[in-house]
Amino acid sequence: MSQQYAGYVPLSLSEYEILNVLFSRLLSTKHAPVIIPGEAILGIEAVAAGISAPGRTILNVVTGPYGSLFGTWLERGGATVAEVRVPFDEVVTVKEIHEAIDRFRPVAISFVHAEVVTGGSNPAREILKLARDYDLVTVMDSVSAVGGESLPVDEWTADFVAIGAQKALAGPNGVSAVSVSPRGWEFLESNKNAPRNSILSLLDLKPVKDGAAPLRVPPNIPALEARALTAALLLVEEEGLEQVIKRHELAAASTLEGIKALGIEPWQKNSRHYSTLTTTVRISGDKSLLIDRPIGIVAPGDGELFGQLLRINHFGANACRRSVEEAIKTLAQLLNREPDQAIEAILQVWGEKHEQ
Ligand SMILES: *Cc1c(COP(=O)(O)O)cnc(C)c1O
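Residues numbered from 1 in each chain as written. Predicted model: local features only at pLDDT ≥ 70, side-chain atom pairs only at ≥ 80, totals over all residues. Heavy atoms only, no water.

The name an unreviewed UniProt entry gives the protein is Aspartate aminotransferase, with Paenibacillus vini as the organism. You can read under Cofactor (unreviewed entry) in the UniProt record for the protein the words "pyridoxal 5'-phosphate". As stated in UniProt under Sequence similarities (unreviewed entry), the record for the protein gives "Belongs to the class-V pyridoxal-phosphate-dependent aminotransferase family." (UniProt positions renumbered as here; feature names shortened; annotations may be inferred.)

Peer 1: Would you mind going over the packing of aromatic side chains with me for this structure?
Peer 2: The description of two aromatic rings rests on the distance between their centres and on the angle between their planes. Taken as a whole, this structure holds 0 aromatic pairs when the rule is applied. The ring of Phe187 has Arg56 lying over it, and the distance from NZ or CZ to the ring centre is 3.7 Å. (Phe/Tyr/Trp six-rings, centres within 6.5 Å; stacked < 30°, edge-to-face > 60°. Lys NZ or Arg CZ within 6 Å of the ring centre and 35° of its normal.)

Peer 1: Is there a simple way to explain the sheet that holds strand 10 (residues 309-313) in this structure?
Peer 2: In a beta sheet, neighbouring strands pair by backbone hydrogen bonds and run either parallel or antiparallel. In space, the 3 strands of this open sheet follow the order 8-10-9, with antiparallel pairing throughout. Lying at the two open borders of the sheet, with one neighbouring strand each, are strand 8 (278-282) and strand 9 (298-300). Pairwise comparison of adjacent strand axes, ignoring direction, gives a mean angle of 30 degrees for this sheet. Bridge count between strand 8 and strand 10: 5 bridges; the pairing is antiparallel. Among the inter-strand pairings, Thr280 is bridged to a residue of strand 10, identified as Arg311. Contacting strand 8 and strand 10, helix 8 (residues 241-261) crosses the sheet at an angle of about 20 degrees to strand 8. (Pairing = 2+ DSSP bridges. Helix = DSSP H or I, 4+ residues; strand = E, 2+ residues; numbered from the N terminus. Axes fitted to C-alpha atoms, helices over the stretch in contact; angles between N-to-C directions. Contact = heavy atoms within 4.5 Å.)

Peer 1: So what exactly am I meant to see when it comes to the domain arrangement of the protein here?
Peer 2: For an interface, size is often stated in terms of accessible area lost upon the parts coming together. What the domain assignment lists for the protein is domain 1 (13-239) and domain 2 (241-350). Look at where the C-alpha atoms of domain 1 and domain 2 centre, and you get two points 28 Å apart. Each partner contributes residues to the interface: domain 1 has 25 residues there, and domain 2 has 25 residues. Summing both partners gives a buried area of about 2,200 Å² for domain 1 against domain 2, and 58% of it is carried by carbon and sulfur. In terms of surface lost to domain 2, no three residues of domain 1 exceed Asp89, Val116 and Glu239, which account for 27% of the buried area on that side. Taken together, domain 1 and domain 2 are joined by 3 salt bridges. As a salt-bridge pair, Asp89 and Arg282 come within 2.9 Å of each other at their nearest N and O atoms. Scanning the region where domain 1 abuts domain 2 turns up 14 residue pairs in polar contact (both at pLDDT 80 or more). Class assignment of the residues belonging to the side of domain 1 that touches domain 2 gives a composition of 9 nonpolar, 10 polar and 6 charged. (Domains from an automatic or database assignment. Buried area = accessible area lost by both parts, 1.4 Å probe. Salt bridge = Lys/Arg side-chain N within 4 Å of Asp/Glu carboxyl O. Polar contact = N/O pair within 3.5 Å; in protein donor to acceptor, adjacent residues only side chain to side chain. Nonpolar A, V, L, I, M, F, W, Y, C, P; charged D, E, K, R; others polar.)

The structure is reproduced here in structure tokens:
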């Protein structure tokens, strides 16, 4: 006899509370984050809709496609959008941002912390420090940084931080979060254009009070995704966030050694600012690296970057030696080269002996 379906069980208040606590611990913040009932991109669009208004100048930093998209959402809200844009094989420098702040006098600044699409990681901590000196409200898309780099939200005084679990945290993509500081809430509340009674409304989801337990579960949180997310965040705590980050650092460092041993070049120019989640490889004259579909964790460039780079997606469960080795073997095969030296270089980074 087939088992009877027990029915859909809504998320309980205590399950919701646990998820809040796990997020707060992950981000080292004492302010309850807003749990977003959808993919991280929903939280990011909600931030843009909530802060944008005519009369506000917002400095939007574009180091990849997500930054471009954020700029269009700010424009839709009527803000004056000033832009700092760099080629997608570079990260932004603090100097460029400093000059733009002096020139445009914005009230807020938005940027993507780390980019899986380009393989770059922006100097987030320094940008936030500079923004603090100028009293700017700060917005950071850290979806592809959380779990791969440290992200102490309160210490860095970041006002809006969007995160998701589907990258380094090996979690589901159906629920995400935005951490909002008290100053961030003020910035939303003082905007009469901020959405209300809308799926894009952060104000509708404002937690009751800092430190106080939530009174109810927001009705639109998908329960099954929330449970899967809780499970993923518990696994992160079990492994230890530091160790999860370390694993991503090793994956990135070993991939870099692997591609160097194969004689191919990283796409990103500044070696001090590589993402720990993806390594991007430049496709230059030699077209043997031109693939049109993913092979394991090796993927073609997205959108305008197609044909210019390959991505090696060593994040989440794939932030491990085995996945990196597979990826490097794939590249060696495409290049018609022997992988042995590259594999040896990978083993060295992980500090493991060659298994005979
Ligand atoms: C993956 C990612 C997102 C989220 O996109 P989804 O479509 O929700 O997966 C947002 N910003 C950045 C920088 C990302 O890498």
